[in-house]
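Understanding the architecture of this molecule
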Amino acid sequence: MFATAFGAATILPFQSEIVFAALQLHADIPIALLVAVASLGNTLGSVVNYALGFWIERFRHRRWFPAGEAQMDRAQRWYARWGVWTLLLSWAPLGDAITVAAGVMRTPLPLFLVLVAAAKTGRYVALAWLTERTVGG
């Protein structure tokens, strides 16, 4: 679960929800432990994105850089406008981009960790509840 949740939080195309639900329904693992492991893995995966954003700025003017100057400026303006509170959306589909932007914008790491951990944990708690209500018995 940890590895799947970790990978799902990075820019890699992983999904952790199916693994989480399968373990919840078919493994003899306490739900609190499952939520904790998934949340920790997903939060630490977001730290990879943060680090990527933190260090990516040094390559901004290279020809091979994947985002243009206008795209980077737009992303920085967006993050500056909406602020660190957007990290509470880090669980959502565009959450990876938000965590990268947090690194680019030099969000203090302790604040990043608190907001992302809250968002990721809330997501897995909601997923556990939804799985139990719809499929579990």
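Coordinates for the structure precede this section.
Residues numbered from 1 in each chain as written. Predicted model: local features only at pLDDT ≥ 70, side-chain atom pairs only at ≥ 80, totals over all residues. Heavy atoms only, no water.

So, on to a nonpolar patch on the surface. Together, Phe2, Leu40 and Leu44 make up an exposed nonpolar region whose accessible area comes to about 250 Å². Along the chain, leucine 44 falls in helix α3 (residues 31–56). For leucine 44, a relative accessible area of 34% puts it in the partly exposed group. (Patch = residues over 30% accessible without salt bridge, like charges linked within 9 Å, V, L, I, M, F, W, Y side chains within 5 Å. Areas by Shrake-Rupley, 256 points an atom, 1.4 Å probe, with all protein chains shown as cover. Salt bridge = Lys/Arg side-chain N within 4 Å of Asp/Glu carboxyl O. Helix = DSSP H or I, 4+ residues; strand = E, 2+ residues; numbered from the N terminus. Buried < 20%, exposed > 50% of the residue type's maximum accessible area, 1.4 Å probe, protein only.)

Once that is clear, we can look at helix α2 (residues 17–26). Since one α-helical turn is 3.6 residues long, residues separated by three or four positions face the same way. Burial in α2 covers these residues: Phe20, Ala21 and Gln24. Summarising the axial view, the buried residues of α2 lie within an arc of 95 degrees, below the 170-degree limit, and thus occupy one face. Among the exposed residues of α2, those oriented more than 90 degrees off its buried face are Ile18 and His26. Lining the buried residues of α2 we find α3 and α6 (109–134). (Arc of directions from axis to C-beta. Contact = heavy atoms within 4.5 Å.)

All right, on to the packing of helix α1 (residues 2–9) against α3 then. Following both chains from N to C, one finds α1 and α3 inclined at 35 degrees, their axes separated by 7 Å at the closest point. Seen along the crossing, α1 lies across α3 with a hand that is right-handed. Across from Phe2, Ala5, Phe6, Ala8 and Ala9 in α1, the residues of α3 making contact are Val37, Ala38, Leu40, Gly41, Asn42, Leu44, Gly45, Ser46, Val48 and Asn49. (Axes fitted to C-alpha atoms, helices over the stretch in contact; angles between N-to-C directions. Left-handed = near helix turned anticlockwise from the far one by under 90°.)

Secondary-structure assignment places glycine 45 in helix α3. What glycine 45 contacts, discounting residues up to four positions off in sequence, is Phe6, Ala9 and Thr10.

Time to look at the side chain of lysine 120. Mapped onto the fold, lysine 120 is located in helix α6. Polar contacts involving the side chain of lysine 120 include one to the main-chain carbonyl oxygen of serine 90, which spans 3.2 Å. Among residues more than four places away in sequence, those in contact with lysine 120 are Ala9, Ser39, Asn42, Thr43, Ser46, Ser90 and Trp91. (Polar contact = N/O pair within 3.5 Å; in protein donor to acceptor, adjacent residues only side chain to side chain.)

Right, let's get into the packing of aromatic side chains. What the rule picks out here adds up to 5 aromatic pairs. Centre to centre, the rings of phenylalanine 2 and phenylalanine 6 are 6.2 Å apart; their planes meet at 25 degrees, and the pair counts as stacked. Of this pair, phenylalanine 2 and phenylalanine 6 both sit in helix α1, 4 residues apart, which is roughly one turn of the helix. Their ring planes at 25 degrees and their centres at 6.2 Å tell us that tyrosine 50 and phenylalanine 54 sit as a pair that is stacked. Of this pair, tyrosine 50 and phenylalanine 54 both sit in helix α3, 4 residues apart, which is roughly one turn of that helix. The class for tyrosine 50 is buried, based on a relative accessible area of 10%. (Phe/Tyr/Trp six-rings, centres within 6.5 Å; stacked < 30°, edge-to-face > 60°.)

A word on the nonpolar core. Among the nonpolar cores identified, the biggest contains 10 residues, and these are Tyr50, Tyr79, Val84, Leu87, Ile98, Ala101, Ala102, Phe112, Leu115 and Val116. Residue assignment for this core shows that the elements contributing at least two residues are α5 (95–104) and α6. Counting residues in each nonpolar core, the second largest holds 9 residues, with Ala5, Leu34, Val35 and Leu127 among its members. (Core = buried A, V, L, I, M, F, W, Y, C linked by side-chain atoms within 4.5 Å.)

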